[in-house]
Amino acid sequence: MKLLLPLDLQFFSGEKTEKATPKKRTDARKKGQVLKSQDVSAALVLLALFMFLFLFAPIIQEVLFTFLIQAFQKNILIETLTPDTVMTMYTDSLKEMAKMILPIMLLAVVAGVGANFMQFGFLFTTETMKIDLKKMDPIKGIKKIISVRAIVNLLKSLLKITFIGTVTTVVVWTNIEEVLSLSFQSPWDTLTTVAKLVGIMGIAASLTLVFIALLDYIYEKYEYEKQLKMSKQDIKDEYKNSEGDPKIKGKIKQKQREMAMRRMMQEIPNADVVITNPTHYAIALKYDDQSMEAPTVVAKGTDFIAQKIKLIAKENDIVMVENRPLARAMYDQVEIGQQVPEEFFKAVAEILAYVYRIKRKI
């Protein structure tokens, strides 16, 4: 005998299986929750710096030598130190250091900002600066230490060490003859060779970090989408908050229909004629040759509303004309406030001519 247990589908309503809505993404962005990989920024900054140092080494060398000459040849010959001479030495040294350091710092800033802009565009928010006591929860801190992300970060660090160690070893091994000959070279040649090898290893390591950063970006995108996922109930709640409760919306629409109906009924006494079915349809028309190019529908309705239109027309001595095909066709094709289409001109003109004759006799 099998025991059948009822399956409560509501149990699964809280499971986050749906992709994030545009509103959820916008709200997360406002809070500073964006798709970002720190490794991408670090890799691009390092690559930019090493490329700059490798390409502009002669210029940096010239500036460095100017600084050293300033310090060890000119400043050391000053016999009397006064506040003015000390200030001059300090200013000159600061200018030479700025020429050497500021371009590197500026490049690092531009590369860092550019790397972040490539990932999530321009964003300024103060949400991440707010103090959140929940982040100080020790239990959550322990969970982070033993979480999947922590394991991924550990593997990522090991991957960096392995790849960068391998790349630098390959660079050294490729240039092993130059490395072994360093002890036989002059100090200047030794410095030049070491600087060149360091530049090549730096660029190679940076390119390796870029590759690892791309893998990290893919993982961060997966984690970001996972964090933003919503349950079906979350989507329903968001819809209610943004669009309003369906019950309230229904009441608002009903109120709007009632107001439109009252306005329509108020226009009937100004009509020239009411075309009827005679029981199911009623169309009220108004025509002013001074302000209108064609007759305009001021009211229309079926069944109960049609009877209401005819009752108001009767109370205000509005002429009613029975024309079943015309009433049905105009009800389907002409909205309230619209002018009568050209296809109905002949039939409507005959009716209006009939109405004007009756009014003149009266």
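From a predicted model like this one, the values you see are computed outputs, not experimental measurements. (Residues numbered from 1 in each chain as written. Predicted model: local features only at pLDDT ≥ 70, side-chain atom pairs only at ≥ 80, totals over all residues. Heavy atoms only, no water.)

Undergrad: So what's going on with the nonpolar core? Residues and values would help.
TA: Soluble globular proteins tend to pack their nonpolar side chains together in the buried interior. Ranked by internal contacts, the top residues of the largest apolar core, which has 19 residues, are I275, L285, M330, F344 and V348. Secondary-structure elements contributing two or more residues to this core are β1 (273-276), β2 (281-286), β4 (319-322), α12 (324-333) and α13 (345-361). In this structure I275 touches Y281, A282, I283, L285, V321, N323, L326, A327, M330 and I351, once residues within four positions along its chain are discounted. Counting residues in hydrophobic clusters, the runner-up holds 14 residues, among them I268, A271, I312 and I318. (Core = buried A, V, L, I, M, F, W, Y, C linked by side-chain atoms within 4.5 Å. Buried < 20%, exposed > 50% of the residue type's maximum accessible area, 1.4 Å probe, protein only. Helix = DSSP H or I, 4+ residues; strand = E, 2+ residues; numbered from the N terminus. Contact = heavy atoms within 4.5 Å.)

Undergrad: Explain the pattern of salt bridges to me, using residue names and the numbers behind them.
TA: By the definition in use, this model includes seven salt bridges. Residues K160 and D39 are paired through a salt bridge, measuring 3.0 Å at the closest nitrogen-oxygen approach. Of this pair, K160 sits in helix α6 (residues 148-174) while D39 sits in helix α2 (residues 38-55); the two residues are 121 residues apart in sequence, bridging distant segments of the chain. Between D216 and K156 there is a salt bridge, with its nearest N and O atoms 2.8 Å apart. With a gap of 60 residues between them, D216 in helix α8 (residues 187-228) and K156 in helix α6 connect regions that are remote in the sequence. For the pair D216 and K156, one class covers both residues: buried. (Salt bridge = Lys/Arg side-chain N within 4 Å of Asp/Glu carboxyl O.)

Undergrad: Give me the lowdown on the environment of S157, citing residues and values where you can.
TA: By the element assignment, S157 lies in helix α6. You can call S157 partly exposed: its relative accessible area is 36%.

Undergrad: Now, about the pairing of strand β3 (residues 296-302): what can you tell me, with residues and values included?
TA: With six of seven residues buried, β3 lies mostly within the body of the structure. Pairing between β2 and β3: six bridges, direction antiparallel. Residue A282 lies in a different strand from β3, and its bridge partner there is G301. (Pairing = 2+ DSSP bridges.)

Undergrad: Go over the UniProt feature "transmembrane region" (unreviewed entry) in the protein, please, and point to the residues and values.
TA: Within this numbering scheme, the UniProt entry marks residues 40-60, 100-125, 146-174 and 194-219 as carrying the feature "transmembrane region" (unreviewed entry). With 95% helix and 0% strand, residues 40-60 has end C-alpha atoms that lie 27 Å from one another. For residues 194-219, the helix share is 100%, the strand share is 0%, and the end-to-end C-alpha distance is 37 Å. (UniProt positions renumbered as here; feature names shortened; annotations may be inferred.)

Undergrad: Can you lay out the packing of helix α3 (residues 57-74) against helix α4 (residues 83-120) for me, pointing to particular residues and giving the numbers?
TA: Relative orientation of the contacting elements α3 and α4 amounts to 165°, with a least axis distance of 9 Å. By the criterion of interaxial angle, the relationship of α3 to α4 is roughly antiparallel. Between α3 and α4 lies a crossing whose hand is left-handed. Mapping the contact onto sequence places I60, V63, L64, T66, F67 and Q70 in α3 and D92, S93, E96, M97, K99 and M100 in α4. Counted by class, the contact of α3 with α4 contains six nonpolar, three polar and three charged residues. (Axes fitted to C-alpha atoms, helices over the stretch in contact; angles between N-to-C directions. Parallel < 35°, antiparallel > 145°, perpendicular 65-115°, else oblique. Left-handed = near helix turned anticlockwise from the far one by under 90°. Nonpolar A, V, L, I, M, F, W, Y, C, P; charged D, E, K, R; others polar.)

Undergrad: Describe in detail the environment of I358, supporting the description with residues and values.
TA: With respect to the secondary-structure elements, I358 resides in helix α13. Using a relative accessible area of 23% as the deciding quantity, one classes I358 as partly exposed. Each C-alpha atom, one on I358 and one on V319, is 8.5 Å from the other, the two residues being 39 residues apart in sequence.

Undergrad: Residue-level account of the packing of α6 against α8, with values.
TA: Orientation of α6 relative to α8, taken along the N-to-C sense of each, is 160°, at an axis distance of 9 Å. When the axes of α6 and α8 are compared, the pair comes out roughly antiparallel. Here α6 runs over α8; the crossing is right-handed. Considering only residue class, the contact of α6 with α8 consists of 17 nonpolar, three polar and six charged.

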